[in-house]
Amino acid sequence: MFAEVFTACAGPTVLTAWAIALKLGPFLVGVMTALPFFAQFVQFPAAWLTLCFGHRRVALTAVCLSRLALLPMALMPWLGLSLEGQQHLLMGVAGASAVLAVVGNNAWVAWMGELVPGAVRGRFFGKRTALTTLMGTAASLTAGLLMDRLKGLDGVGLALPLLALAACVMGVVTTLMMAAQHDPAPPGTAPRLELKAALLPWKDDGARRVLLYQVAWNAAVGVSAPFFALHSLQNLKMTFVVMALHAAAVAGVRVLTAPLWGRAIDRLARSRC
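Since we're looking at a predicted model, the values are computed, not measured. (Residues numbered from 1 in each chain as written. Predicted model: local features only at pLDDT ≥ 70, side-chain atom pairs only at ≥ 80, totals over all residues. Heavy atoms only, no water.)

A.B. asks: Now, about the overall build of the protein chain: what can you tell me, with residues and values included?
C.D. replies: Secondary structure assignment for the protein chain yields 13 helices and zero strands. Taken over the C-alpha trace, the protein chain has a radius of gyration of 20 Å; the compact-globule value for 273 residues is 19 Å, and the two agree within 12%. Its C-alpha atoms give the protein chain principal-axis dimensions of about 60 × 40 × 35 Å. Per-residue burial over the protein chain gives 36% buried out of 273 residues. Considering only residue pairs separated by 6 or more positions, the protein chain has 82% of its internal contacts joining residues 24 or more positions apart. In the form shown here, the protein chain has an accessible surface area of approximately 15,800 Å², with 71% of it arising from carbon and sulfur atoms. (Helix = DSSP H or I, 4+ residues; strand = E, 2+ residues; numbered from the N terminus. Rg over C-alpha atoms; globule rule 2.2 N^0.38 Å. Buried < 20%, exposed > 50% of the residue type's maximum accessible area, 1.4 Å probe, protein only. Contact = heavy atoms within 4.5 Å. Areas by Shrake-Rupley, 256 points an atom, 1.4 Å probe, with all protein chains shown as cover.)

A.B. asks: How would you summarise the pattern of salt bridges if you had to cite specific residues and measurements?
C.D. replies: The full count for this structure, using the stated rule, is two salt bridges. Put simply, R209 and D205 hold a salt bridge, and the shortest N to O gap is 3.3 Å. Of this pair, R209 and D205 both sit in helix α11 (residues 205-224), four residues apart, which is roughly one turn of that helix. Overall, the relative accessible area of 56% leaves R209 in the exposed class. (Salt bridge = Lys/Arg side-chain N within 4 Å of Asp/Glu carboxyl O.)

A.B. asks: Report on the nonpolar core, specifying residues and quantitative values.
C.D. replies: With 41 residues, the main nonpolar core has W18, L24, L70, M73, L90, M147 and L160 as its most contacted residues. Ranked by size, the runner-up nonpolar core spans twelve residues in total, among them A46, L60, A62 and A107. (Core = buried A, V, L, I, M, F, W, Y, C linked by side-chain atoms within 4.5 Å.)

A.B. asks: Explain a nonpolar patch on the surface to me, using residue names and the numbers behind them.
C.D. replies: A surface patch of nonpolar side chains, amounting to about 660 Å² of accessible area, comprises L71, L75, W78, L79, L81, L165 and V169. With respect to the helices, strands and loops of the structure, L79 is situated in the loop between α6 (71-74) and α7 (83-115). (Patch = residues over 30% accessible without salt bridge, like charges linked within 9 Å, V, L, I, M, F, W, Y side chains within 5 Å.)

A.B. asks: Explain helix α2 (residues 12-21) to me, using residue names and the numbers behind them.
C.D. replies: Every buried residue belonging to α2 is among V14, T16, A17, W18, A19 and A21, and all of these are buried. Phi turns positive one or two residues past the end of α2, at K23, with a value near 60°.

A.B. asks: Tell me about the environment of D266, and name the residues and values.
C.D. replies: Locating D266 in the fold gives a position in helix α13 (residues 240-272). C-alpha of D266 to C-alpha of G118: the two residues are 148 residues apart in sequence and 8.3 Å apart in space. Dropping the residues within four chain positions of it, D266 is found in contact with G118, A119, V120, R121, G122 and R123.

A.B. asks: Residue-level account of the side chain of S97, with values.
C.D. replies: Here S97 is to be found in helix α7. Here the side chain of S97 touches S66 through a polar contact of 2.9 Å, landing on its backbone oxygen. When sequence neighbours within four positions are dropped, the list of residues in contact with S97 reads S66, A69 and L70. (Polar contact = N/O pair within 3.5 Å; in protein donor to acceptor, adjacent residues only side chain to side chain.)

A.B. asks: Tell me about the packing of helix α5 (residues 55-68) against α7, and name the residues and values.
C.D. replies: The interhelical angle for the contact between α5 and α7, taken along N-to-C directions, is 145°, at an axis separation of 7 Å. Between α5 and α7 lies a crossing of left-handed hand. Each of H55, R56, V58, A59, A62, V63, L65 and S66 in α5 lies in contact with α7, whose residues at this interface are S97, L100, A101, V103, G104, A107, W108, A110, W111 and E114. Taken together, the residues that form the contact of α5 with α7 break down as twelve nonpolar, four polar and two charged. (Axes fitted to C-alpha atoms, helices over the stretch in contact; angles between N-to-C directions. Left-handed = near helix turned anticlockwise from the far one by under 90°. Nonpolar A, V, L, I, M, F, W, Y, C, P; charged D, E, K, R; others polar.)

A.B. asks: Outline the packing of aromatic side chains, supporting the account with residue identities and numerical values.
C.D. replies: With the rule as written, the count across this model stands at two aromatic pairs. Plain terms: the ring middles of F124 and F125 are 5.0 Å apart, the flat faces sit at 85° to each other, and that makes the pair edge-to-face. Among the residues examined, F124 registers a relative accessible area of 37% and is labelled partly exposed. When the centroid spacing of 6.4 Å and the interplanar angle of 25° are considered together, the rings of Y213 and W217 count as stacked. With Y213 and W217 both in helix α11 and four residues apart, the pair spans about one turn of that helix. Using a relative accessible area of 48% as the deciding quantity, one classes W217 as partly exposed. A cation sits over an aromatic face here: R67 above F6, 5.2 Å from the ring centre. (Phe/Tyr/Trp six-rings, centres within 6.5 Å; stacked < 30°, edge-to-face > 60°. Lys NZ or Arg CZ within 6 Å of the ring centre and 35° of its normal.)

A.B. asks: So what about the packing of helix α1 (residues 2-10) against helix α9 (residues 159-179)? Which residues, and what values?
C.D. replies: At a minimum axis separation of 8 Å, α1 and α9 run at an interaxial angle of 160°. As judged from the angle between their axes, α1 and α9 are roughly antiparallel. Here the hand of the crossing between α1 and α9 comes out left-handed. In contact with F2, A3, V5, F6, C9 and A10 of α1, α9 contributes L163, A166, A167, M170, V173, T174 and M177. For the contact of α1 with α9, a count of residues per class yields twelve nonpolar, one polar and no charged. (Parallel < 35°, antiparallel > 145°, perpendicular 65-115°, else oblique.)

Keep in mind these values describe shape, not function.
Below is the structure:
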């Protein structure tokens, strides 16, 4: 739930607000929002790190660094950079955070797979999604109010550095909370990483269809999704609060349906055992 506060302070909408404040054009906005997708190419090195150093250690280190990477943005008004320098800093921070987040998420997913029993995994993540969505909605509304109230008439203003600082604080809080959990599969207990294993999904008909669906879906969404927030803010003149309310409506559906999907997944998994 605290991680959702980080996302509200440093997610796509806030990054778009940074881009508008620093006068990034549509091309650079597209590049910036595509960075999390480009970062997926480090999945194989991330898997190797997870196997070598363990789920817990890699997740704690990478997730913490990915969230603390926003610290330069909190200090930007006092760094004395030119507009071009500020733009480069934004792109660099977004890229570094995206790469580290992929490394951390790879380890975190493996870690959760060891911690959460398969028999209750659907219900657990269903309830988890509902709770985190509630927190994310509240945090997004708060961030929207802050940006509407404290946005500068020209330039970065005060709201964006404050949100970047809050994101870093949440990074420390979430790392301390994760550090309280143990690793049931310490380094040396996981199987060896073999590149040929990456080809196994393509040999399974069901997995291959899922992968092709994901490719088609992300190709379609990727053409327009990076510019949703930019279009809403610049062309439709929506406030950050209105955008947060729109996200809240979507979140409400997730809160209602996630537990139902979780129970359905568990029932289906039991019926196939």
